[in-house]
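One letter stands for each residue in the lines below.
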Amino acid sequence: MPIVKPFLNECSGGPATRKCAKTNSVLFIAGQDKFYYIRRIMIRLSVTLLACSILFACNSTNINPKPNAPVASNAINVKTPDTVVPFAGFWLNETYLKKIEHTRSPRESQGASNNCCLFIPASTLQPASMATDVHEGGPEMDIVKKDNSYQFYYKADDTASRQAYNIQFIAANKLKFGQYTFIKTDEHFMADILFSGKYRDTLGNIVQFSKDGHIKGLGTYTVYDPLYDYVGSGVDADQVYMGQSDNDMEQFGFTFRQDTLFIHNVNCLVRDSSDNTCLEGTLGDIKYKLIRIH
């Protein structure tokens, strides 16, 4: 499992190939000088990170936010003993979340994904990052605890020299990071927001989509992963990948109409000769019609 750090996107600058599309669930992993956003297989949050996220204890912390002005002096050495961060985990920009809920379309919501995702590590000695959007990454920052408040600083070598953001707790699952409000979630947020729940198909069978990307009752399909990043995608539709395992996924389109989820085949116009992935296409015939019952 790679070290958890900011975004890495194999899709950047090119068409949405299958390799790109199948590395899309959100996480921050070690990259090179530029951080990118990636999809599924390489990016499951580690057990350690998920365990640390449970430590959220904002009610016991007295926060006194200060203006987000750069700090010109009093640089902070980040090699000092680390401090546990009680709000570690994955946070989603509330504006982006509400856009997804309203449109029920990741493709349409991507334009509202500015500063979409915030990763906060379990310790003040580990790097944090806020993604510019779901396609690009953002600069590495360090968390600094000063008295009873937490602040984010831009890092240069081993010194946190310029204040980036203050953190203000609003509720147990909500915080304000500078001018942005974030909601506590995890890397499966798109599956949770759009798909998770119980459905009935046209034959009366019960189909369940879990919050963490698993399926029950839909033939041989047991896992799924909605596509987040549509930059460079030549398929003119919202997309979801389904299969029997993370390494064996098929590409589908999807639409929502009120309480009904339609999963479509993709009418492919151009395929990648190396793995048969659709590079250009449109929404095809309906494969499944699923009515939400819970």
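The preceding data block contains the structure.
Residues numbered from 1 in each chain as written. Predicted model: local features only at pLDDT ≥ 70, side-chain atom pairs only at ≥ 80, totals over all residues. Heavy atoms only, no water.

Overview of the packing of aromatic side chains
- What the rule picks out here adds up to 16 aromatic pairs.
- Between the aromatic rings of Tyr96 and Phe189, the centroid separation amounts to 6.1 Å while the plane-to-plane angle is 70°, which identifies the pairing as edge-to-face. Of this pair, Tyr96 sits in helix α3 (residues 94-103) while Phe189 sits in helix α5 (residues 189-195), and the two are 93 residues apart along the sequence. The burial state of Tyr96 is the same as that of Phe189; both residues are buried.
- Arranged with centres 5.7 Å apart and planes meeting at 90°, the rings of Tyr221 and Phe252 form a pair that is edge-to-face. Highlighted residues: Tyr221 in strand β13 (residues 221-226) and Phe252 in strand β16 (residues 248-257), separated in sequence by 31 residues. The two residues Tyr221 and Phe252 agree in class, both being buried.
- Sitting over the face of the ring of Phe262, Arg257 holds its NZ or CZ atom 4.5 Å from the ring centroid. (Phe/Tyr/Trp six-rings, centres within 6.5 Å; stacked < 30°, edge-to-face > 60°. Helix = DSSP H or I, 4+ residues; strand = E, 2+ residues; numbered from the N terminus. Buried < 20%, exposed > 50% of the residue type's maximum accessible area, 1.4 Å probe, protein only. Lys NZ or Arg CZ within 6 Å of the ring centre and 35° of its normal.)

A few points about the state of the cysteines
- Within the structure shown, the criterion is met by one disulfide.
- Paired through a disulfide, Cys268 and Cys278 show a sulfur-sulfur distance of 2.4 Å. Because the torsion about its S-S bond is 110°, the bridge between Cys268 and Cys278 counts as right-handed. Here the residue Cys268 occupies a position in strand β17 (residues 260-271), and Cys278 occupies one in strand β18 (residues 278-292), the gap between them amounting to 10 residues.
- Taking the relative accessible area as the measure of exposure, Cys268 reaches 23% and is therefore partly exposed.
- What makes Cys278 buried here is its relative accessible area of 3%. (Disulfide = S-S within 2.5 Å.)

Things to note about the pattern of salt bridges
- All told, the structure shown has three salt bridges when counted by the stated rule.
- Measuring nitrogen to oxygen at the nearest pair gives 3.3 Å for the salt bridge that ties Glu94 to Lys174. Pair noted here: Glu94 is in helix α3 and Lys174 is in strand β8 (residues 174-177), with a separation of 80 residues, a long-range link.
- When its relative accessible area of 23% is taken as the criterion, Lys174 is described as partly exposed.
- A salt bridge links Arg107 to Asp236, with the nearest nitrogen and oxygen atoms 2.3 Å apart. (Salt bridge = Lys/Arg side-chain N within 4 Å of Asp/Glu carboxyl O.)

Remarks on unusual backbone geometry
- One non-glycine residue with positive phi stands out, namely Arg104, at about 55°.
- Mapped onto the elements of the fold, Arg104 is located in the loop between α3 and α4 (106-109).
- According to the relative accessible area criterion, Arg104 is partly exposed, its value standing at 26%.
- A positive phi angle, close to 50°, is found at Asn115, a residue other than glycine.
- Locating Asn115 in the fold gives a position in the loop between α4 and β3 (117-120).
- Among the residues examined, Asn115 registers a relative accessible area of 15% and is labelled buried.

Digging into α3
- Of all the residues in α3, the buried ones are Glu94, Tyr96, Leu97, Ile100 and Thr103.
- Where the residues of α3 are buried, they touch β2 (89-93), α4, β8, β9 (180-185) and α5.
- By the N-cap criterion, in which a side-chain oxygen at the helix start approaches the backbone nitrogen of a residue two or three places on, α3 is capped by Asn93, the distance to Thr95 being 2.9 Å. (Contact = heavy atoms within 4.5 Å. Polar contact = N/O pair within 3.5 Å; in protein donor to acceptor, adjacent residues only side chain to side chain.)

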